[in-house]
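Structure assessment
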Amino acid sequence: MMTKRNLAGESTSLLGFGCMRLPVGKDGKIDRPAAQKMVDEAMKSGINYYDTAYMYHNGESESFMGEALVARYPRDSFYLATKLPVMMIESAEQARSIFEEQLARLQTDHFDFYLLHALNRHTFRERVIPFGLIEMCEEWQRQGKIRHLGFSFHDDFDTFREIITYRKWDFCQIQYNYMDTENQAGRRGVDLAESLGVPLIVMEPIRGGSLVRFPDEIKADFSRLDPTRNLANWALSWVGTHVQVKVILSGMSTMTQLRDNLRTMSNFRPLSPVQMQGVADIVGRIRARVRNACTGCRYCMPCPAGVDIPRAFALSNEEAMHGHTATYKKRYLSADPSKLASACVSCRACISKCPQHIPIPGDLVRVRGLFEK
Ligand code: SF4
Ligand code: SF4
């Protein structure tokens, strides 16, 4: 039976259905028959929280969910969540028009959960506040068009504190997993939300799939802790062991992923304190594999030659932690060549700007050897 928790007074499934990575066909559009089967399987299995957004699948996710979920199932048999694309809002009028478009796409007269999408310090200070987006959402809430108002978040802890303490939010959504405890909102953000009584929805519990990609020795470490759990189970179970997390979103692309997640989240088994410590120990060993201590702070940017230094180090470090060199090489080479390590002219202008004292030009030579040879 699907595990349920109490999110803002609603009995929501611990596993939420994220609609940002639905199966797609060769044309890049949603493979509607395959995605419909997944929605039907999710409904049958007790998932009652569905999370889409204006931007997902270039706008197609909302209209698909309108057809696949809202038009086919009783409106009170699921919770529907979508998000205002704050990053593209240029005026209050545009926000109103997008909101009406979302209601039409999703074939509904209300959203159960509505989020200001992907807030960071810039979108919050330069769009949410000046365009009066919170007041606008509060008006929609009074009109019954929104039942619960929250935000999703991608920035650092100080910005998280600024936003979560700005008003009494009904809920908030953060990226959290056993590798992201010290960045993004992080562990301090989880504790702050709990102290303020703001329930949490967690996205990226498997960190874009990277937590199921590890070299054999790390896989063996997990297996020694409990051989009955696979890597996806460890990642989801670690998040679910936090009782302040009410919904864990997984953006699933295949029926196999959905069924695997259902196995973990039905009759959910939290990790024991010994297992939580075991995961912390493994995380220490994973982190020890990185090639340098780049935190992605971007103080070294811009590089006069155009190199995207933090991106090069992030991908190199991901490769060191997870293996799968071909995957990270492909991602690395997808950028404009002017941003790659080979564009570095060794001017040394960046070195004194790095708080981690990374010998940047030398480390870029190693990245070049790894991904550009
Ligand atoms: S040393 Fe290389 S990476 Fe650093 S600023 Fe100069 S060109 Fe850019
Ligand atoms: S300043 Fe240093 S730590 Fe910060 S992004 Fe640049 S290389 Fe990484």
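Only a predicted model underlies this, so the values are computations on that prediction, with no experimental measurement involved.

1. Points about the packing of aromatic side chains
- Within the structure shown, the criterion is met by 19 aromatic pairs.
- Here the aromatic rings of phenylalanine 111 and tyrosine 114 are separated by 5.4 Å at their centres, their planes lie at 10°, and the arrangement is stacked.
- With 6.4 Å between their ring centres and 80° between their planes, tyrosine 178 and tryptophan 238 make a pair best called edge-to-face. Here tryptophan 238 lies in helix 9 (residues 231–240) and tyrosine 178 lies in the loop between strand 8 (171–175) and helix 7 (186–196), a separation of 60 residues in the sequence. Across this residue pair, the class does not change: tyrosine 178 and tryptophan 238 are buried.
- An aromatic cluster is defined as three or more aromatic residues linked by ring pairs; in this entry it consists of Tyr176, Tyr178, Phe214, Phe222, Trp234 and Trp238.
- The side chain of arginine 167 reaches across the aromatic face of tryptophan 169, ending 4.8 Å from its centre.

2. Details of the site of ligand 1
- What surrounds ligand 1 is the set Cys303, Pro304, Ala305, Ile309, Cys344, Val345, Ser346, Cys347, Arg348, Cys350, Pro361 and Leu364.
- Judged by the fraction of its atoms near the pocket grid, ligand 1 is located in the largest cavity.
- Residue composition of the shell around ligand 1, grouped by class: ten nonpolar, one polar and one charged.

3. Brief notes about the domain arrangement of the protein chain
- Splitting the protein chain by domain gives domain 1 (4–281) and domain 2 (309–371).
- Contacts between domain 1 and domain 2 engage seven residues on the former and seven residues on the latter.
- Both sides together, the interface formed by domain 1 and domain 2 hides about 590 Å², and carbon and sulfur atoms give 50% of it.
- Our count for the domain 1 to domain 2 interface comes out at one salt bridge.
- The closest approach of N and O atoms between glutamate 318 and arginine 207, which form a salt bridge, is 3.0 Å.
- Within the side of domain 1 that touches domain 2, the residues separate by chemical class into four nonpolar, one polar and two charged.

4. Examining the pattern of salt bridges
- Inspection of every chain in the model, using the stated rule, returns 33 salt bridges.
- Two residues, glutamate 100 and lysine 145, come together in a salt bridge whose shortest N-O distance is 3.7 Å. Separated by 45 residues along the polypeptide, glutamate 100 in helix 3 (residues 92–105) and lysine 145 in the loop between helix 5 (133–142) and strand 7 (146–153) bring together distant segments of the chain.
- The class of glutamate 100 is partly exposed, set by a relative accessible area of 40%.
- Of the charged contacts, one joins aspartate 226 and arginine 269 as a salt bridge, the two residues approaching to 3.9 Å between their closest N and O atoms. Placement of aspartate 226 in the loop between helix 8 (216–225) and helix 9 and of arginine 269 in the loop between helix 10 (255–265) and helix 11 (273–287) is noted, with a sequence separation of 43 residues between them.

5. Description of the packing of helix 12 (residues 309–322) against helix 14 (residues 360–371)
- Packing of helix 12 against helix 14 leaves a shortest axis separation of 10 Å and a crossing angle of 55°. For the element pair helix 12 / helix 14, the angle class is oblique. Taken as a pair, helix 12 and helix 14 cross one another with a handedness that is left-handed. Touching Ile309, Ala312, Phe313, Leu315, Ser316 and Glu319 of helix 12 are Ile360, Asp363, Leu364, Val367, Leu370 and Phe371, all from helix 14.
- In terms of residue class, the contact of helix 12 with helix 14 is built from nine nonpolar, one polar and two charged.

6. Concerning unusual backbone geometry
- Cis geometry marks the peptide bond from methionine 301 to proline 302, where omega comes out at 0°.
- If you check the backbone angles, glutamine 184 has positive phi at about 55° while not being a glycine.
- As for its position among the elements, glutamine 184 is in the loop between strand 8 and helix 7.
- A relative accessible area of 22% places glutamine 184 in the partly exposed class.
- Positive phi is not limited to glycine here, since histidine 324 has a value of about 55°.
- Among the structural elements, histidine 324 can be located in the loop between helix 12 and helix 13 (325–333).
- Accessibility expressed as a relative area gives 40% for histidine 324, which makes it partly exposed.

Rules and cut-offs
- Residues numbered from 1 in each chain as written.
- Chains lettered and ligands numbered in written order.
- Predicted model: local features only at pLDDT ≥ 70, side-chain atom pairs only at ≥ 80, totals over all residues.
- Heavy atoms only, no water.
- Phe/Tyr/Trp six-rings, centres within 6.5 Å; stacked < 30°, edge-to-face > 60°.
- Helix = DSSP H or I, 4+ residues; strand = E, 2+ residues; numbered from the N terminus.
- Buried < 20%, exposed > 50% of the residue type's maximum accessible area, 1.4 Å probe, protein only.
- Lys NZ or Arg CZ within 6 Å of the ring centre and 35° of its normal.
- Near = heavy atom within 4 Å.
- 1 Å grid on protein atoms, 1.4 Å probe; cavity = no way out; pocket = protein on both sides within 12 Å on 5 of 7 lines; lining within 4 Å.
- Sits in = over half its atoms within 2 Å of the grid points.
- Nonpolar A, V, L, I, M, F, W, Y, C, P; charged D, E, K, R; others polar.
- Domains from an automatic or database assignment.
- Contact = heavy atoms within 4.5 Å.
- Buried area = accessible area lost by both parts, 1.4 Å probe.
- Salt bridge = Lys/Arg side-chain N within 4 Å of Asp/Glu carboxyl O.
- Axes fitted to C-alpha atoms, helices over the stretch in contact; angles between N-to-C directions.
- Parallel < 35°, antiparallel > 145°, perpendicular 65-115°, else oblique.
- Left-handed = near helix turned anticlockwise from the far one by under 90°.

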